[in-house]
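# Structural overview for review
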Protein chains: 2
Amino acid sequence: VGQAFARLLSKKQKAYPFRIVAIHTLRHGTAYESGEFGPTAGSIDEFLEKARPEIVCELTPLNPESGEPAITYIQKAFERGAHVVTANKGPIAFAFHDLEQSALQMGVQFRFESTCMDGAPVFNKVRNNLPGVSVLGFTGVLNSTSKVVLAALRRGATWEDGIREAQSMGIAEADPSYDLEGWDSAAKTAALANVLMDARTTPLQVERKGIAGVTPQQMQALAAERKTIALVSRGERLDHGVRLSVQPEILEETNLLGVIQGTSNLLLLHTDLMGTVGTVSIDPGVDQTAYGVFSDTVDIARSI
Amino acid sequence: VGQAFARLLSKKQKAYPFRIVAIHTLRHGTAYESGEFGPTAGSIDEFLEKARPEIVCELTPLNPESGEPAITYIQKAFERGAHVVTANKGPIAFAFHDLEQSALQMGVQFRFESTCMDGAPVFNKVRNNLPGVSVLGFTGVLNSTSKVVLAALRRGATWEDGIREAQSMGIAEADPSYDLEGWDSAAKTAALANVLMDARTTPLQVERKGIAGVTPQQMQALAAERKTIALVSRGERLDHGVRLSVQPEILEETNLLGVIQGTSNLLLLHTDLMGTVGTVSIDPGVDQTAYGVFSDTVDIARSI
């Protein structure tokens, strides 16, 4: 994502003249304005002190159980008065309320469009285009690995085939259990609820059931009845708090939630004034995730 | 739409303190700030002169063959330095380029979110959330009457049944030919192309074929093969100009374009940086159209 983002910044340099003041990586070292990569900075504090960025784009790998170290990095950026864009769902799923409070206190902006739908407008859509609207709930199919595995089972392939296919597409980890047990969807569900419904929750509070119990036989029997299964994320605002769930749902095969395949995503927002309105993203990849980071960066630049 | 918009303004008065300075209607007369409806103003000029609005919300009925009288009304509002919101697709389909130039010259804003998807974010999404993106094309299913009639034929009902059903839902006119011959879709296609692709076209330039030739027998035969038909709008940017079409397309019944039913709408934008990203709106009605006008009005207020 970082490399795709750098390419995009370069391509759009004329219309959007952002300047990269420093790049900090775990494996390739740290570069400051001189341009050459040198040894990795000793700490994030040292890096931020030398780099003095106006906007920090945080793209570290996710620790799915805590959202760290991204949460700490983002807090440190806020403490120095930098705006932050993250493509990392962990901080939004685990610590959105605290991070938002820190940003508010420091008078800086915080953006995270790429965290739930690979860069398609969701959070910025609600912020910029749905004034006065209250999000009452949402329904989404947001996990790619589950879609690929379920489609494989449906056409008679094995679990192993499905997982290998997802891995060869670059969307499933060596250990795909994070996706298949619903944790990825739960993190996105918690993130959406935190931002859109002020839920102050974490993925641990999401009722969660993955697709591990689905068998090839079941998928093929459902196909014969023109039905299918999708791993569906749901959020609902209650009188007190929210109800959040991730679970496999049996659907008519023509159900909108059931026809979204591969890395494509769908998120429907249930609102008070605009009814049910949604975003769909078809086959997004790393370039789209990078675009989400870019659009967030522009959104911040417009607001300052 | 006007009444729903007035209710919405009243409901959101506290957070969005817009003031209605005057209301001009064909049937119910004209009201100025005093509040009472009196005789209808003699002309749009007389009305604008007395009302002196900052923002004009234009919600007149569509003349599908010309976009008038809305185009003239909007021009007159611009000439007086008023911003304009319209829910009327005619002006956008027939005269967007001229209107936009007039708005630019006068330094005023022009918004029209409700014209193609009943208020769901499309134009404001591109404007506010997709910076730097070029729209290369689009694919949409945007006409409700066609969806209702095709669904009726598919389940074995007659053309007359389908049309009556659409009429009872309040979405088809007494003469439904405007919808069924594809003119409504062509107007939306031209409007989308004018705004998103600078096409400077009109509905007359859209290759257009309606659903009038589809028979109940054909729809049922397709259903047996797990196929369906949808009236699809397509736009494509060419080296010189654009190619625009509206036609019935035979689709797998699980195709995303085929599963959108009733008044629900789907529009996919094909872009350079964000791949294919779309908006879906489920069962919108007059309250959502009014919300689109409201969101446009807020968007203008934010920019001035």
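The following paragraphs examine the structure supplied in this document. The shown structure was predicted, so the numbers you read here are calculated from the model rather than taken from an experiment.

### A few points about the interface of chain A and chain B
Each partner contributes residues to the interface: chain A has 46 residues there, and chain B has 46 residues. Buried surface at the junction of chain A and chain B, summed over both partners, amounts to about 3,600 Å²; 59% is from carbon and sulfur atoms. Of all residues in chain A, the largest losses of buried area upon contact with chain B belong to Leu273(A), Met274(A) and Tyr291(A), amounting jointly to 18% of the total for that side. Linking chain A to chain B there are two salt bridges. In this assembly, chain A and chain B are joined by 20 residue pairs in polar contact (both at pLDDT 80 or more). For the side of chain A that touches chain B, the secondary-structure elements that each account for two or more residues are α1 (2–11), α6 (123–129), α11 (216–224), β11 (265–271), β12 (276–282) and α12 (286–303) of chain A.

### Looking at the sheet that holds strand β5 (residues 83–86) of chain A
Residues and elements named next belong to chain A. Pairing is parallel in the open sheet, where three strands are placed in the order β4-β5-β6. Pairing within the sheet leaves two strands with one partner each, and these edge strands are β4 (55–58) and β6 (110–111). Relative to β6, β5 runs parallel, the two being bridged by two bridges. Its bridge partner lying in β6, Val84 is registered against Phe110.

### Focus on the nonpolar core
Ranked by internal contacts, the top residues of the largest apolar core, which has 154 residues, are Phe110(A), Leu192(A), Phe294(A), Phe110(B) and Leu192(B). Contact partners of Phe110(B), with chain neighbours within four places excluded, come to Ile74(B), Phe78(B), Val84(B), Thr86(B), Ile92(B), Phe96(B), Leu99(B), Ala103(B) and Arg127(B). Counting residues in each nonpolar core, the second largest holds 22 residues, with Ala230(A), Ile260(A), Val280(A) and Leu256(B) among its members.

### Focus on the pattern of salt bridges
All names here are of chain A. According to the stated counting rule, one finds 32 salt bridges over all chains in the structure shown. Measuring nitrogen to oxygen at the nearest pair gives 2.8 Å for the salt bridge that ties Asp299 to Arg111. A residue pair is termed long-range when its members are at least 10 positions apart, and Asp299 in helix α12 and Arg111 in strand β6 qualify at 188 residues. An identical accessibility class is assigned to Asp299 and Arg111; each is buried.

### Overview of the relation of the copies chain A and chain B
Two copies of one chain are present, and they are related through a rotation about an axis combined with an axial shift. The transformation that overlays chain A on chain B combines an axial shift of 0.0 Å with a rotation of 180 degrees, and the residual RMSD is 0.0 Å. Interpreted geometrically, this transformation is the action of a two-fold axis. Of the residues that chain A buries at the interface, 100% are likewise interface residues in chain B, meaning the two copies contact each other through the same surface.

### Quick look at the sheet that holds strand β1 (residues 23–24) of chain A
Taking strand neighbours across the sheet as the criterion, the three strands line up as β1-β2-β3 (chain A) in an open arrangement whose pairing is antiparallel. Edge positions in the open sheet fall to β1 and β3 (37–38) of chain A, since each of these has one partner strand only.

### Let's talk about the side chain of Thr86(A)
All names here are of chain A. For Thr86, the position within the fold is in strand β5. By relative accessible area, which is 0% here, Thr86 ends up buried. A distance of 3.0 Å separates a polar side-chain atom of Thr86 from the backbone nitrogen of Asn88. Apart from the residues lying within four places of it in its own chain, the contact partners of Thr86 are Glu58, Ile74, Ile92, Phe110, Arg111, Phe112, Glu113 and Thr115.

### Details of helix α12 (residues 286–303) of chain B
Here α12(B) is 18 residues long and its end C-alpha atoms lie 26 Å apart, about the 26 Å a rise of 1.5 Å per residue gives. In terms of burial, α12(B) is largely enclosed, as 13 of its 18 residues are buried.

### Structural notes on the pairing of strand β10 (residues 242–252) of chain A
All names here are of chain A. Relative to β10, strand β8 (residues 207–208) runs parallel, the two being bridged by two bridges. Its bridge partner being in β10, Arg208 is matched across the sheet by Val246. Between the antiparallel neighbours strand β9 (residues 227–237) and β10 lie four residues, among them Gly241 with a positive phi of about 80 degrees.

### Some points on the packing of aromatic side chains
In total, this model carries 18 aromatic pairs over all chains according to the counting rule given. A ring pair is formed by Tyr32(A) and Phe47(A), whose centres lie 6.0 Å apart and whose planes are at 35 degrees; its orientation type is tilted. A residue pair is termed long-range when its members are at least 10 positions apart, and Tyr32(A) in the loop between β2 (30–31) and β3 and Phe47(A) in helix α2 (residues 44–51) qualify at 15 residues. Ring geometry for Phe96(B) and Phe110(B): centres 6.3 Å apart, planes at 20 degrees, overall stacked. Of this pair, Phe96(B) sits in helix α4 (residues 89–106) while Phe110(B) sits in strand β6 (residues 110–111), placing them 14 residues apart in sequence. Residue Phe96(B) is classed as buried on the basis of its relative accessible area of 6%. The class of Phe110(B) is buried, set by a relative accessible area of 7%. Through a chain of ring-to-ring contacts, the aromatic side chains of Phe78(A), Phe96(A), Phe110(A), Phe112(A) and Phe123(A) assemble into a single cluster. Above the face of the Trp183(A) ring, Arg208(A) is positioned so that its terminal group lies 3.8 Å from the ring centre.

### Brief notes about the environment of Glu36(B)
Residue and element names in this part refer to chain B. Assignment of secondary structure puts Glu36 in the loop between β2 (30–31) and β3 (37–38). Taking the C-alpha atoms as reference points, Glu36 and Gln109, 73 residues apart in sequence, are found 29 Å from one another. Apart from the residues within four sequence positions on either side, Glu36 is in contact with Thr30 and Ala31.

### A word on the environment of Leu222(A)
Summarising the element assignment, Leu222(A) is placed in helix α11. Spatially, the C-alpha atom of Leu222(A) lies 9.1 Å from that of Leu251(A), the residues being 29 residues apart in sequence.

### Remarks on the state of the cysteines
Residue and element names in this part refer to chain A. Taken as a whole and judged by the stated rule, the model has zero disulfides over all chains. Sulfur of Cys116: no disulfide; nearest cysteine sulfur belongs to Cys57 and is 18 Å away. Using a relative accessible area of 1% as the deciding quantity, one classes Cys116 as buried.

The rules behind each value
Residues numbered from 1 in each chain as written. Chains lettered and ligands numbered in written order. Predicted model: local features only at pLDDT ≥ 70, side-chain atom pairs only at ≥ 80, totals over all residues. Heavy atoms only, no water. Contact = heavy atoms within 4.5 Å. Buried area = accessible area lost by both parts, 1.4 Å probe. Salt bridge = Lys/Arg side-chain N within 4 Å of Asp/Glu carboxyl O. Polar contact = N/O pair within 3.5 Å; in protein donor to acceptor, adjacent residues only side chain to side chain. Helix = DSSP H or I, 4+ residues; strand = E, 2+ residues; numbered from the N terminus. Pairing = 2+ DSSP bridges. Core = buried A, V, L, I, M, F, W, Y, C linked by side-chain atoms within 4.5 Å. Buried < 20%, exposed > 50% of the residue type's maximum accessible area, 1.4 Å probe, protein only. Least-squares fit on C-alpha atoms with pLDDT ≥ 70 in both. Expected span 1.5 Å × (residues − 1). Phe/Tyr/Trp six-rings, centres within 6.5 Å; stacked < 30°, edge-to-face > 60°. Lys NZ or Arg CZ within 6 Å of the ring centre and 35° of its normal. Disulfide = S-S within 2.5 Å.

Any functional reading would require information that these geometric values do not contain.
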